[in-house]
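Next come the chains, spelled out residue by residue.
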Amino acid sequence: MNTPKVSVIVPCYNREKYIEQCIGSLLSQSLSDIEIIFVNDGSTDNSRGIVANLAKNDERIQIIDQPNQGVATARNSGLKHASASYIMW
């Protein structure tokens with residue numbers, strides 16, 4: 001994959017009910033030259049598993065795991081892995 005134009009950082013803590021719709025919405029955008037950085041902030045539900053299944057079929061999805069440290073730390077972790085010139089939360 002070429003360097004994406006936009007990195008979308010998605011911090012997540014126990015959002016299995018909503019995460020599939022969130023990632024699906026990002027994948028269906030008209031700009032396909034993106035990377036989606038999912039930061040699993042110590043979720044204890046199946047949020048990570050749902051994203052991992054979606055990532056099997058789309059190389060634009062990355063997963064970062066960390067212990068629960070809050071949304072600000074999750075965003076900073078995502079920033080460390082972002083490769084695009086533009087960042088979105």
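As a reminder, the structure under discussion sits directly above these lines.
*Asks:* Lay out the packing of helix 1 (residues 19–27) against helix 2 (residues 47–55) with the relevant residues and their values.
*Replies:* Packed helices, taken two at a time, are described by the angle between their axes plus the distance between the axes. Running from N to C, helix 1 and helix 2 point in directions that differ by 30°, and their axes come no closer than 9 Å. It follows from the interaxial angle that helix 1 and helix 2 lie roughly parallel. Seen from above, helix 1 lies across helix 2 with right-handed handedness. Where helix 1 abuts helix 2, its residues I19, E20 and I23 lie against S47, I50, V51 and L54.

*Asks:* Can you explain the environment of V10? Please cite residues and give values.
*Replies:* Position of V10 among the secondary structure elements: in strand 1 (residues 6–12). Here V10 falls in the buried class, since its relative accessible area comes to 8%. Put simply, V10 and I36 are 26 residues apart on the chain and 7.2 Å apart in space, counted from C-alpha to C-alpha. Setting aside chain neighbours within four positions, we find V10 in contact with I19, C22, L26, I36, I37, F38 and V39.

*Asks:* So what's going on with the nonpolar core? Which residues, and what values?
*Replies:* The biggest cluster of nonpolar side chains holds 13 residues, and the ones touching the most others in it are V10, I19, I23, I36 and V51. At the level of secondary structure, the elements contributing two or more residues to this core comprise strand 1, helix 1, strand 2 (34–41) and helix 2. Looking at which element gives the most residues to this core, the answer is strand 1, with four residues. In contact with I19, not counting residues within four places along its chain, are V10, C12, F38, S47, I50 and V51. Counting residues in hydrophobic clusters, the runner-up holds five residues, among them I9, V39, I64 and A74.

Cut-offs used in this document
- Residues numbered from 1 in each chain as written.
- Predicted model: local features only at pLDDT ≥ 70, side-chain atom pairs only at ≥ 80, totals over all residues.
- Heavy atoms only, no water.
- Axes fitted to C-alpha atoms, helices over the stretch in contact; angles between N-to-C directions.
- Helix = DSSP H or I, 4+ residues; strand = E, 2+ residues; numbered from the N terminus.
- Parallel < 35°, antiparallel > 145°, perpendicular 65-115°, else oblique.
- Left-handed = near helix turned anticlockwise from the far one by under 90°.
- Contact = heavy atoms within 4.5 Å.
- Buried < 20%, exposed > 50% of the residue type's maximum accessible area, 1.4 Å probe, protein only.
- Core = buried A, V, L, I, M, F, W, Y, C linked by side-chain atoms within 4.5 Å.

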